[in-house]
Amino acid sequence: KAGVTQTPRYLIKTRGQQVTLSCSPISGHRSVSWYQQTPGQGLQFLFEYFSETQRNKGNFPGRFSGRQFSNSRSEMNVSTLELGDSALYLCASRPNPLGADTQYFGPGTRLTVL
Amino acid sequence: DQQVKQNSPSLSVQEGRISILNCDYTNSMFDYFLWYKKYPAEGPTFLISISSIKDKNEDGRFTVFLNKSAKHLSLHIVPSQPGDSAVYFCAASARTSGSRLTFGEGTQLTVNP
């Protein structure tokens, strides 16, 4: 079974721009979560989607948003980029958001904001 | 408030010996715990997990122990191999918070040949 895929793998943007990252979950997985990894804050939860609905949201400003499509693929968007948004953005999938299912991560998108 | 803590930023062991990575948590609502291994610029790779109803889970060279009263878990790797060198993250989730993962800071494990 193919793993979680994320595109693009690397991205360079300038302050004030907006960016969209894409994630395709493992086949059959319907829940997708997004995480941000930075040297200072570590790995932090952004949000989780299931059945095209946001089920859970972390403590991030409204500039960070996401959506999920009917095929479970998900996108996250960051508007008005700031230097501090430079990070590795990770997508994780699991079969469903109920119960203690393990989350499986993609390779991440490395975003650099100049 | 750091709810999951890995107090050792780094650990160095000899090949063939045991590696013990530790993790402490403060949130008593956590009911599922996981260990991930991560290389730079890659996503975390799932290693092993344990439910709060158990105190031990084994998978090959990896064993996770959970001490709920002490709010402590540990990952044992026996025997350690040079290919195990990576950053190891402890993570916890609680059904009451939608099962989002809360991660520790990570421990860099180096296994010397």
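Attention in this report is confined to the structure presented alongside it. Note that the coordinates shown come from a computational prediction; the quantities given were computed from them, not determined experimentally.

Description of the side chain of Ser-49 of chain B
Logical step 1: Here Ser-49 of chain B is to be found in strand S5 (residues 45–51).
Logical step 2: Here Tyr-32 of chain B takes part through its side chain, which lies 2.9 Å from a polar atom of the side chain of Ser-49 of chain B.
Logical step 3: Setting aside chain neighbours within four positions, we find Ser-49 of chain B in contact with Thr-102 of chain A together with Tyr-32, Phe-33, Leu-34, Asn-57 and Val-64 of chain B.

A look at the interface of chain A and chain B
Logical step 1: Counting from both sides, the interface comprises 23 residues of chain A and, opposite them, 18 residues of chain B.
Logical step 2: With both sides pooled, the region where chain A packs onto chain B buries about 1,600 Å², and carbon together with sulfur makes up 55% of that total.
Logical step 3: Between chain A and chain B we count zero salt bridges in total.
Logical step 4: For the pair chain A and chain B, the interface holds seven residue pairs in polar contact (both at pLDDT 80 or more).
Logical step 5: Among the elements of the structure, strand S4 (31–38), strand S5 (42–50), strand S6 (53–57), strand S9 (87–94) and strand S10 (104–105) of chain A are those that each provide at least two residues to the side of chain A that touches chain B.
Logical step 6: Broken down by class, the residue content of the side of chain A that touches chain B amounts to ten nonpolar, seven polar and six charged.

Concerning the sheet that holds strand S3 (residues 19–24) of chain A
Residue and element names in this part refer to chain A.
Logical step 1: Read from one edge to the other, the open sheet built from four strands follows the order S1-S3-S8-S7, with strand pairing classed as antiparallel. Looking at which strands have only one partner, the edges of the open sheet turn out to be strand S1 (5–7) and strand S7 (64–68). Averaged over neighbouring strand pairs, the angle between their axes works out to 20° when direction is ignored.
Logical step 2: Pairing geometry for S7 and strand S8 (residues 74–78), over five bridges, is antiparallel. Looking at the pairing, Phe-64 lines up with Val-78 of S8.

Considering the layout of surface pockets
Logical step 1: Of the volumes computed, that of the largest pocket is approximately 720 Å³.
Logical step 2: As for the largest pocket, its lining consists of 32 residues, and the residues nearest its centre are Gln-41, Leu-43, Gln-44 and Phe-45 of chain A together with Phe-103 of chain B.
Logical step 3: Contributions of two or more residues to the lining of the largest pocket are made by S4 and S5 of chain A together with strand S9 (86–93) and strand S10 (102–103) of chain B.
Logical step 4: Top contributing element to the lining of the largest pocket by residue count: S5 of chain A, with four residues.
Logical step 5: Considering only residue class, the lining of the largest pocket consists of twelve nonpolar, 15 polar and five charged.

Let's talk about the environment of Ser-10 of chain B
Logical step 1: Its location among the elements puts Ser-10 of chain B in strand S2 (residues 10–14).
Logical step 2: Measuring from C-alpha to C-alpha, the distance between Ser-10 of chain B and Tyr-88 of chain B comes to 9.6 Å, with 78 residues separating the pair along the chain.

Regarding the sheet that holds strand S8 (residues 72–77) of chain B
Residue and element names in this part refer to chain B.
Logical step 1: Taken together, the five strands give an open sheet; going across it, the order is S1-S3-S8-S7-S6, and neighbouring strands pair in antiparallel fashion. Since the sheet does not close on itself, it has two edges, and those belong to strand S1 (4–5) and strand S6 (56–59), each with one partner.
Logical step 2: Inspection of the sheet shows S1 paired to strand S3 (residues 19–25) by two bridges, in the antiparallel sense. Pairing of Val-4 across the sheet is with Tyr-25, part of S3.

Concerning unusual backbone geometry
Logical step 1: Residue Pro-8 of chain A is reached from Thr-7 of chain A by a cis peptide bond, and omega for that bond is -15°.
Logical step 2: The residue Pro-8 of chain A is located in the loop between S1 and strand S2 (10–13) in this model.
Logical step 3: A cis amide bond links Val-78 of chain B with the next residue in sequence, Pro-79 of chain B, at an omega value of -10°.
Logical step 4: Along the polypeptide, Pro-79 of chain B turns up in the loop between S8 and S9.
Logical step 5: Phi is positive for Ser-51 of chain A, which is not a glycine, with a value near 50°.
Logical step 6: Tracing the sequence through the fold places Ser-51 of chain A in the loop between S5 and S6.
Logical step 7: Phi is positive for Ser-72 of chain A, which is not a glycine, with a value near 75°.
Logical step 8: By the secondary structure assignment, Ser-72 of chain A is in the loop between S7 and S8.

So, how was this worked out
Residues numbered from 1 in each chain as written. Chains lettered and ligands numbered in written order. Predicted model: local features only at pLDDT ≥ 70, side-chain atom pairs only at ≥ 80, totals over all residues. Heavy atoms only, no water. Helix = DSSP H or I, 4+ residues; strand = E, 2+ residues; numbered from the N terminus. Polar contact = N/O pair within 3.5 Å; in protein donor to acceptor, adjacent residues only side chain to side chain. Contact = heavy atoms within 4.5 Å. Buried area = accessible area lost by both parts, 1.4 Å probe. Salt bridge = Lys/Arg side-chain N within 4 Å of Asp/Glu carboxyl O. Nonpolar A, V, L, I, M, F, W, Y, C, P; charged D, E, K, R; others polar. Pairing = 2+ DSSP bridges. Axes fitted to C-alpha atoms, helices over the stretch in contact; angles between N-to-C directions. 1 Å grid on protein atoms, 1.4 Å probe; cavity = no way out; pocket = protein on both sides within 12 Å on 5 of 7 lines; lining within 4 Å. Points joined across faces, edges and corners; volume = space filled by probe spheres on them.

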